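An overview of the molecular structure
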Amino acid sequence: DDDDEEPVETSSQPSASTDTNKPEPLQQEEALCDEEYRGTMRFQVMQGGRGIGTLLLGMLKLKEVHAKQLPKMTPEYVVQLMFEKHHRSIVCVSAGAVVGGLTYRPWGGGKNDQAFAELAFLTVDAGQQVRGIGTRLLNRLKTQLVADGFKRILTYADHFAIGFFKQQGFKREI
């Protein structure tokens, strides 16, 4: 249903929070950093149309997370975008299991003023939500896009996700 989605755009520059009275997000971030440092959490960047062995398995596991968390999207549509050669995915693996990820497509060259990235999917397994994994994934994407010269991200968010994207600096207007 198209009425459930709204365009949302933002700069790909990560912004620092100005509210110092909220220690919980900082604690979540520190816990995730600790998991990465210990090697129990990692992030892998994968490009659609490429992958063998564990890379392909990671993409297939991410497809399952996307399909489960986005029930209005058909599994065929999810697979079509994820494995299309221009799309890329960032997969979050924690304790050996794929717990979330995102799929996006860069449009235009990074030095082009009109260039942007379209965020197709950003999902975290229901049992892993509210830990900061979605924020960490999005910050990874922003960092990658800035390095590649992109300044904007466009996504269509359902009503349940609008609050999350607003917290990340996204705006409704394009």
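Everything in this summary refers to the structure shown in the same document.

Conventions adopted
- Residues numbered from 1 in each chain as written.
- Predicted model: local features only at pLDDT ≥ 70, side-chain atom pairs only at ≥ 80, totals over all residues.
- Heavy atoms only, no water.
- Pairing = 2+ DSSP bridges.
- Helix = DSSP H or I, 4+ residues; strand = E, 2+ residues; numbered from the N terminus.
- Right-handed = clockwise from strand over helix to strand, strands pointing away.
- Expected span 1.5 Å × (residues − 1).
- Buried < 20%, exposed > 50% of the residue type's maximum accessible area, 1.4 Å probe, protein only.
- Phe/Tyr/Trp six-rings, centres within 6.5 Å; stacked < 30°, edge-to-face > 60°.
- Lys NZ or Arg CZ within 6 Å of the ring centre and 35° of its normal.
- Arc of directions from axis to C-beta.
- Contact = heavy atoms within 4.5 Å.
- Core = buried A, V, L, I, M, F, W, Y, C linked by side-chain atoms within 4.5 Å.

Observations concerning the pairing of strand β5 (residues 116-124)
In terms of strand pairing, strand β4 (residues 97-107) meets β5 through 8 bridges, oriented antiparallel. Within β5, the position partnered with T103 by the bridge is F121. Pairing between β5 and strand β6 (residues 152-158): 3 bridges, direction parallel. Looking at the pairing, A117 lines up with I153 of β6. Following the backbone out of β5, through helix α4 (residues 133-147) and into the adjacent parallel β6, one traces a crossover that is right-handed.

Topic: α4
For α4, built from 15 residues, the straight-helix expectation of 21 Å at 1.5 Å per residue is met to within 8% by its first-to-last C-alpha distance of 21 Å. All of the buried residues in α4 are I133, G134, R136, L137, L138, L141, K142 and L145. In the segment just after α4, G149 is the residue with positive phi, at about 90°.

Section: the packing of aromatic side chains
Under the defined criterion, the tally for this structure stands at 2 aromatic pairs. Note on W107 and F116: the rings are 6.4 Å apart at their centroids and 15° apart in plane angle, and the pair reads as stacked. Judged by its relative accessible area of 34%, W107 is partly exposed. The lysine or arginine in question, R105, covers the ring of W107, its NZ or CZ lying 3.7 Å from the ring centre.

What about helix α3 (residues 75-82)?
Among all positions in α3, only V78, L81 and M82 are buried. Buried residues of α3 fall within an arc of 95° about the axis and therefore sit on the same side. Facing away from the buried side of α3 by over 90 degrees, the exposed positions are E76 and Q80.

Side note on the environment of Q28
Among the structural elements, Q28 can be located in helix α1 (residues 23-38). In sequence terms Q28 and V130 are 102 residues apart; their C-alpha atoms lie 8.9 Å from each other. Discounting chain neighbours no more than four positions away, the residues touching Q28 are V130, R131 and G132.

Here's the deal with the nonpolar core
One finds L102, Y104, L119, I133, L137 and L141 to be the most contacted residues of the largest nonpolar core, which totals 24 residues. Among the elements that make up this core, the one with the highest residue count is α4 (5 residues). With near-sequence residues (within four places) excluded, L119 lies in contact with L102, T103, Y104, L138, L141, I153, L154, T155 and F165. Membership of the second largest hydrophobic core comes to 12 residues, among which are V65, M82, V91 and V98.

Some remarks on unusual backbone geometry
Positive phi is not limited to glycine here, since A95 has a value of about 50°. Locating A95 in the fold gives a position in the loop between β3 (88-94) and β4. Overall, the relative accessible area of 70% leaves A95 in the exposed class.

Any link to function would need more than the numbers given here.
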